[in-house]
Amino acid sequence: MNAKQKQFISQNGIWGVLIVLVILVTILTGGKFIKPANIETLFTNESIKGIMAFGVMMAILSKGIDLNPGSLAALVAVIGASMCTMNETTASIIQNGGKPMPAIVAIVICLALGCISGAIFGSIIAFTKMPAFIATLGAQLMCRAASKIITTAPVSNLSDGFRFLGKAKVGPIPMIVIVFIVMYIISAILLTQTRWGKSVYAVGGNDQAARVAGINVEKTLILVYVWCSFCAALGGILLAGRTGSADPSTYGLNYELDAIAAATVGGTSHTGGVCRISGVLAGILILGVVNNGLVMLGVNDNYTNIIKGLIIIVSVALDMRKNTKKV
């Protein structure tokens, strides 16, 4: 086996793992797994976490992390739902008197709030050199608390306009899946075809060398966390739209862990500077197949989390071993 063949297997082997996993789950479920209705459910369920993974992968690529997507999604969902509910009174401190705000305006406000949040905490990480783990952990706690302050109970009965992205279909394809595909394409372009994407690779590989090469490291890192937060905010909008309500306590809970897991399984190195968007897509699908398959088999949620935890540990261990061999 020559070097090119080894490189191809190394870069695309994860798709082989996905194929084997799909075959195995299909056999174990007696063919129920590959029924169109279940495939639609799988993609619908994983689209929100997948979009968050496209954000988190940038943070990991820059040798950072983002623990805030789930809590920020809950905060955005609560704010958006409060602006677009058709109920005259709610538990939210944001009241619209039963007159929902135009959906496009509410969505733009929610996305802007997400970007502002990312800019604030990205600036803290970039300029104070605070570990991203600590900064985003603090952001996670604050966003979750803020969502509970805004409303003490779920906000429901949302306008059809606000629910469009999360609930509508274009033909047989759920709109939420179309948004996921669009975000994948945008992420791929940002990562491979833009100067900023190349800068993220450089900063993750060696931030001092990147600085010497003329890259504005601080600006690059701030934009990384703006992108992470944009993806999280979009996830929150989709989540509220899909369910027709927003719960400050449970929405987005642990979604960031699934996003981190998908990026990690997909080959995004926690040592920075290594990421393939196709690998992250495969990682999202692998975790989706695991989640969906175990539910169909009636496996307890606790065992599902144990299996996912083992997948993450093995993925990171293999990545560390690969990097050790390179050294």
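Here the structure is shown first, and the text comes after it.
Residues numbered from 1 in each chain as written. Predicted model: local features only at pLDDT ≥ 70, side-chain atom pairs only at ≥ 80, totals over all residues. Heavy atoms only, no water.

Asks: Explain the overall build of the protein chain to me, please; I cannot follow it from the model alone.
Replies: From N to C terminus, the protein chain includes 13 helices and four strands. Taken against the 2.2 N^0.38 rule, which gives 20 Å for 327 residues, the C-alpha radius of gyration of the protein chain at 20 Å falls within 12% of a compact globule. Dimensions along the principal axes, computed over C-alpha positions, put the protein chain at roughly 70 × 55 × 35 Å. Residues counted as buried form 50% of the 327 residues belonging to the protein chain. When the accessible area of the protein chain is evaluated, it comes to approximately 15,200 Å², of which 68% is carbon and sulfur surface. Taken together, the 24 basic and 12 acidic charged side chains of the protein chain have centroids lying 10 Å from each other. (Helix = DSSP H or I, 4+ residues; strand = E, 2+ residues; numbered from the N terminus. Rg over C-alpha atoms; globule rule 2.2 N^0.38 Å. Buried < 20%, exposed > 50% of the residue type's maximum accessible area, 1.4 Å probe, protein only. Areas by Shrake-Rupley, 256 points an atom, 1.4 Å probe, with all protein chains shown as cover. Lys, Arg positive; Asp, Glu negative; His and termini not counted. Charge placed at Lys NZ, Arg CZ, Asp CG, Glu CD.)

Asks: I'm lost on a nonpolar patch on the surface in this one. Help?
Replies: A contiguous nonpolar surface patch, about 590 Å² in accessible area, is contributed by Ile 104, Val 105, Val 108, Ile 109, Leu 113, Ile 116 and Ile 120. Mapped onto the elements of the fold, Leu 113 is located in helix H4 (residues 103-128). For Leu 113, a relative accessible area of 36% gives the class partly exposed. (Patch = residues over 30% accessible without salt bridge, like charges linked within 9 Å, V, L, I, M, F, W, Y side chains within 5 Å. Salt bridge = Lys/Arg side-chain N within 4 Å of Asp/Glu carboxyl O.)

Asks: Would you mind going over H4 with me for this structure?
Replies: Residues lying three or four places apart along an α-helix face the same way, a consequence of the helix completing one turn every 3.6 residues. Between its first and last C-alpha, H4 extends 37 Å over 26 residues, near the 38 Å set by a 1.5 Å rise per residue. Listing the buried residues of H4 in full gives Ala 103, Ala 106, Ile 107, Cys 110, Leu 111, Gly 114, Ser 117, Gly 118, Phe 121, Gly 122, Ile 125 and Ala 126. Where H4 is buried, its residues touch helix H3 (69-84), helix H5 (132-150), helix H6 (160-167) and helix H10 (217-243). Within two residues after H4, Lys 129 carries a phi angle of roughly 65°, on the positive side. (Expected span 1.5 Å × (residues − 1). Contact = heavy atoms within 4.5 Å.)

Asks: Quick question: what am I supposed to make of the packing of H3 against H4 here?
Replies: In a packed pair of helices, the relevant descriptors are the angle between the two axes and the axis-to-axis distance. Interhelical geometry of H3 versus H4 gives an angle of 150° and a closest axis separation of 10 Å. The angle between H3 and H4 places the two elements in the roughly antiparallel class. In this structure, H3 crosses over H4, and the sense of that crossing is right-handed. In this structure, H3 contributes Leu 72, Val 76, Ile 79, Gly 80, Met 83 and Cys 84 to the contact, and H4 contributes Ala 106, Ile 109, Cys 110, Leu 113, Gly 114 and Ser 117. (Axes fitted to C-alpha atoms, helices over the stretch in contact; angles between N-to-C directions. Parallel < 35°, antiparallel > 145°, perpendicular 65-115°, else oblique. Left-handed = near helix turned anticlockwise from the far one by under 90°.)

Asks: Hey, could you run me through the packing of aromatic side chains in this one?
Replies: By convention here, two paired aromatic rings are described through the distance between centres and the angle between planes. Counted according to the given criterion, the structure contains three aromatic pairs. An angle of 20° between the planes, with centres 5.4 Å apart, marks the rings of Phe 54 and Phe 180 as stacked. Here Phe 54, found in helix H2 (residues 36-61), pairs with Phe 180, found in helix H7 (residues 175-193); they are 126 residues apart in sequence, far enough to count as distant. Judged by its relative accessible area of 6%, Phe 180 is buried. Between the aromatic rings of Phe 54 and Tyr 184, the centroid separation amounts to 5.8 Å while the plane-to-plane angle is 50°, which identifies the pairing as tilted. (Phe/Tyr/Trp six-rings, centres within 6.5 Å; stacked < 30°, edge-to-face > 60°.)

Asks: Can you walk me through the side chain of Ser 62 in this structure?
Replies: When you line up the elements, Ser 62 lands in the loop between H2 and H3. Residues within four places of Ser 62 in sequence aside, it is in contact with Val 200, Val 203, Gly 204, Leu 221 and Val 224.

Asks: For this particular structure, what's the right way to read the packing of helix H11 (residues 255-265) against helix H12 (residues 277-296)?
Replies: Remark: H11 packs on H12, axes separated minimally by 7 Å, with the N-to-C direction vectors making an angle of 125°. With respect to H12, the axis of H11 lies oblique. As H11 runs across H12, the sense of the crossing is right-handed. Contacts between H11 and H12 involve Asp 258, Ala 261, Ala 262, Ala 263 and Val 265 on the former and, on the latter, Val 280, Gly 283, Ile 284, Ile 286 and Leu 287. For the contact of H11 with H12, the residue count by class is eight nonpolar, one polar and one charged. (Nonpolar A, V, L, I, M, F, W, Y, C, P; charged D, E, K, R; others polar.)

Asks: Just to check I follow, could you spell out the environment of Leu 72 for this structure?
Replies: Mapped onto the secondary structure, Leu 72 falls in helix H3. Assessed through its relative accessible area of 2%, Leu 72 is described here as buried.

Asks: Would you take a moment to explain H2 for this structure?
Replies: Over its 26 residues, H2 extends 35 Å from the first C-alpha to the last, a length consistent with the 38 Å expected when each residue adds 1.5 Å. Maximal helix bending in H2 amounts to about 45°, located at Ser 47. Within H2, 19 of the 26 residues are buried, which leaves it mostly tucked inside the rest of the structure. One or two residues past the end of H2 sits Lys 63, with phi positive at roughly 70°. (Bend = angle between axes of the 7 residues up to and from the residue.)

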